[in-house]
Amino acid sequence: MAGRKVRVRFAPSPTGPLHIGGVRTALFNYLFARQHHGALVFRIEDTDTHRFVPGAEEYILESFKWLGIHFDEGVGFGGQFGPYRQSERREIYKKYVQILLDKGKAYYAFDTPEELEEKRKEIKNFQYDSHTRMQMRNSLSLPEDEVQRLLAAGTEYTVRFKVEPGQDVHVEDMIRGEVCVKSDIIDDKVLYKSSDELPTYHLANIVDDHLMEITHVIRGEEWLPSAPLHVLLYRAFGWEDEMPRFAHLPLLLKPEGKGKLSKRDGDRLGFPVFPLEWHDPKTGEVSSGYRESGYFPEAVINFLALLGWNPGTEQELFSLDELVKLFDIGKCSKSGARFDYKKAVWFNHEYMLRKSDEEVSKLFAPIVAEHGIKTTPDRIEDVVRMMKDRVDFVKELWPLCAFFFVAPSEYDAKTVKKRWKDYSAQQMTELIDVLNGIEDFSVKGQEDTVMKWINEKQYKLGDVMNAFRLALVGIGKGPGMFDISAFLGKGECLRRLHRAIEILK
């Protein structure tokens, strides 16, 4: 391992949408690779043909493109270690299956699914291992000529790894330290299936990681139980000196209660668990995504980076470059990280504030256009400048800002009851005359003249300004009144005041 260039990989299966936990795993691999000036490889694990879902691979690639996580090589990126799609590496795996068979590290198993099921009924907690393998139909228990006859006849078989009992298997984990497991509890896993001529996850990953010169395997905690088997496989091939270092990330836990985060939690509490919206090709079900829900990719990245890792400071907002500099895989938590979806909303709000008014206005402009409003980019930017600190998502701007573009057609009943006094119509009639006489309709130009009028008439400031707001906005909310009136312009302000007086009396 010493002196080798750092190479890590993210290897999803195209069995559906990419879970947000998978995104975090990819992010931590990205940060580790960039920090060590290494390479990030994108590999597709599609050996389980029964679970393949059309469109899933494209979805995964599009997700990372949106998030800004860039791969150095792999499916869709090229590279010298291809092919990177496991279904295209059948002949490579066959070679390594044969190596294990020739070394006596693996064996043929001819047990049918029905025979295995019978054995499970017969033996409680049945495990195919050194204690039971001689009771089964395999090349260890059958005569050699019978094995050859079955192979020649084209009988379906699997190849199982032969786990020797009585060994201590040590796994050195960068997060959890040394993990030691007795080989007796590891079963003889299936490595290869003749039915589709494809390997299982266990063999394919070991062979691919070795041939692609992967130096570190950073993956979810759910894969920790398979790590001892992978260590044994490296030993069986004689690759101990080139074994990658392991790091098993903490689980993402439910926002409340026990257990790991699931799609059901998102559906129940109203937050996405996928990066992009997913349309299930089999059921037609549509699942929400962070992109379509209005999250900024930078906010999602920042939120995920702090789930199970802490820089050791009070700082919470980090750019991707800052995360690369500060990330330390050794500071990842061993215990699960609770998925605080409300914190994700907070991050989005903070990134909204960080973005320029121009940037946010470009995102808001299509929403304005959807409502049939024709206006200029400068006008939209003016509205964003006044209102963006009041929302968490760009899509929330329209309900708050619609009055800037469309005069209120009705007035909030509670606000009318509270803010429109018996004398409000008279005061607003006078205000019309005051505004009509103002030549400089800027914020300051209006404020000086209107405040002088209010003082001279000895009106209550709150009475005048609340009624003024209600007339222009339709409700008792919004930014400063003169900011609103200056934006609307004299003619529109007067029209709205006349209409309010007419309707509210």
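In this text the structure is predicted, and so the values were computed from the model without any measurement. (Residues numbered from 1 in each chain as written. Predicted model: local features only at pLDDT ≥ 70, side-chain atom pairs only at ≥ 80, totals over all residues. Heavy atoms only, no water.)

Enquirer: How should I be thinking about the sheet that holds strand β3 (residues 73-74) in this particular structure?
Expert: Strands pair in a sheet through their backbones, by hydrogen bonds, and they do so in one of two ways: parallel or antiparallel. On the basis of which strands lie adjacent, the open sheet formed by 3 strands has the order β1-β2-β3 and parallel pairing. In the strand order of this sheet, the two ends are held by β1 (7-10) and β3, each with one partner. Sheet analysis places strand β2 (residues 39-42) next to β3, joined by 2 bridges and oriented parallel. From the neighbouring strand, Phe-42 faces β3, where its bridge partner is Gly-74. The sheet strands contacting helix α1 (residues 20-35) are β1 and β2, and the helix crosses β1 at an angle near 165°. (Pairing = 2+ DSSP bridges. Helix = DSSP H or I, 4+ residues; strand = E, 2+ residues; numbered from the N terminus. Contact = heavy atoms within 4.5 Å. Axes fitted to C-alpha atoms, helices over the stretch in contact; angles between N-to-C directions.)

Enquirer: Would you take a moment to explain the packing of aromatic side chains for this structure?
Expert: Any pair of aromatic rings gets described here by the distance separating the centres and the angle formed by the planes. Counted under the stated rule, the structure contains 31 aromatic pairs. Between the aromatic rings of Tyr-96 and Trp-239, the centroid separation amounts to 5.7 Å while the plane-to-plane angle is 65°, which identifies the pairing as edge-to-face. With Tyr-96 in helix α3 (residues 90-102) and Trp-239 in the loop between α7 (227-237) and β11 (245-249), this residue pair connects regions lying 143 residues apart in the sequence. The pair formed by Tyr-96 and Trp-239 is uniform in burial state, with each residue classed as buried. Here Trp-346 and Phe-347 contribute two aromatic rings whose centre-to-centre distance is 5.0 Å and whose plane-to-plane angle is 75°, an arrangement assigned as edge-to-face. Note on Phe-347: relative accessible area 1%, which makes it buried. The rings of Phe-271, Phe-303, Phe-339, Tyr-341, Trp-346 and Phe-347 are connected pair by pair, giving a single aromatic cluster. Positioned over the ring face of Tyr-128 is Arg-160, at 3.8 Å from the centre of the ring. (Phe/Tyr/Trp six-rings, centres within 6.5 Å; stacked < 30°, edge-to-face > 60°. Buried < 20%, exposed > 50% of the residue type's maximum accessible area, 1.4 Å probe, protein only. Lys NZ or Arg CZ within 6 Å of the ring centre and 35° of its normal.)

Enquirer: Sorry, what's going on with the packing of helix α12 (residues 357-370) against helix α13 (residues 377-387) here?
Expert: When two helices pack together, their arrangement is given by the angle between the helix axes and by the axis-to-axis distance. Relative orientation of the contacting elements α12 and α13 amounts to 115°, with a least axis distance of 8 Å. Looking at the two axes, α12 sits roughly perpendicular to α13. Crossing of α12 against α13: the hand is right-handed. Seen from α12, the contacting residues are Asp-357, Glu-358, Val-360, Ser-361, Phe-364, Ala-365 and Val-368; seen from α13, they are Ile-380, Glu-381, Val-383, Val-384 and Arg-385. Residues belonging to the contact of α12 with α13 are distributed by class as follows: 7 nonpolar, 1 polar and 4 charged. (Parallel < 35°, antiparallel > 145°, perpendicular 65-115°, else oblique. Left-handed = near helix turned anticlockwise from the far one by under 90°. Nonpolar A, V, L, I, M, F, W, Y, C, P; charged D, E, K, R; others polar.)

Enquirer: Help me out: how do you make sense of the side chain of Arg-7 in this one?
Expert: One can find Arg-7 in strand β1. On the basis of relative accessibility, which here comes to 6%, the residue Arg-7 falls in the buried class.

Enquirer: Is there a simple way to think about the UniProt feature "binding site: ATP" (unreviewed entry) in the chain in this case?
Expert: Listed under "binding site: ATP" (unreviewed entry) in the UniProt record, and renumbered for this structure, are Lys-263. Examined against the element boundaries, Lys-263 turns out to sit in helix α8 (residues 263-269). Judged by its relative accessible area of 24%, Lys-263 falls in the partly exposed class. Not counting chain neighbours up to four residues away, the residues in contact with Lys-263 comprise Val-273, Phe-274, Glu-285 and Ser-287. (UniProt positions renumbered as here; feature names shortened; annotations may be inferred.)

Enquirer: Whenever I open this one, the environment of Glu-156 confuses me. Can you help?
Expert: Mapped onto the secondary structure, Glu-156 falls in the loop between α5 (144-152) and β5 (158-161). Glu-156 sits in the exposed class, given a relative accessible area of 56%. Between the alpha carbons of Glu-156 and Gln-127 there is a distance of 21 Å; along the sequence they are 29 residues apart.

Enquirer: Can you walk me through the nonpolar core in this structure?
Expert: Most often, soluble globular proteins keep nonpolar side chains buried together rather than apart. In terms of nonpolar packing, the biggest core is built from 154 residues, with Phe-64, Ile-329, Phe-339, Phe-364, Phe-404 and Leu-472 touching the most fellow members. Aside from chain neighbours lying at most four places away, what touches Phe-339 is Ile-20, Leu-252, Leu-253, Lys-254, Pro-255, Leu-261, Phe-271, Tyr-290, Phe-303, Leu-304 and Leu-307. (Core = buried A, V, L, I, M, F, W, Y, C linked by side-chain atoms within 4.5 Å.)

Enquirer: Could you clarify how one ought to interpret unusual backbone geometry in this entry?
Expert: Generally, phi is negative for residues other than glycine and the peptide bonds are trans, each holding for most cases. In the segment running from Gly-82 into Pro-83, the intervening peptide bond is cis, with an omega of 0°. Inspection of the secondary structure puts Pro-83 in the loop between β3 and α3. Positive phi, normally seen in glycine, also occurs at Glu-213, with a value near 60°. Locating Glu-213 in the fold gives a position in the loop between α6 (201-211) and β10 (216-220).

Enquirer: When you look at the pattern of salt bridges in this model, what are you seeing that I'm missing?
Expert: A side chain with one charge may pair with a side chain of the opposite charge, provided their charged atoms come close. On inspection of all chains with the given rule, the structure shows 41 salt bridges. Of the charged contacts, one joins Glu-118 and Lys-121 as a salt bridge, the two residues approaching to 4.0 Å between their closest N and O atoms. Here Lys-121 and Glu-118 lie together in helix α4 (residues 113-122), a separation of 3 residues that amounts to about one turn. Residue Lys-121 is classed as exposed on the basis of its relative accessible area, which comes to 60%. (Salt bridge = Lys/Arg side-chain N within 4 Å of Asp/Glu carboxyl O.)

Enquirer: I would appreciate a short explanation of the sheet that holds strand β8 (residues 190-193) in the present structure.
Expert: With respect to topology, 4 strands assemble into an open sheet ordered β4-β5-β8-β9, the strand pairing being antiparallel. The open sheet is flanked by β4 (106-109) and β9 (198-199), the only strands paired with a single partner. Here 2 bridges tie β8 to β9, and the two strands are oriented antiparallel to one another. Residue pairing for β9: Lys-193 is matched across the bridge by Leu-198.

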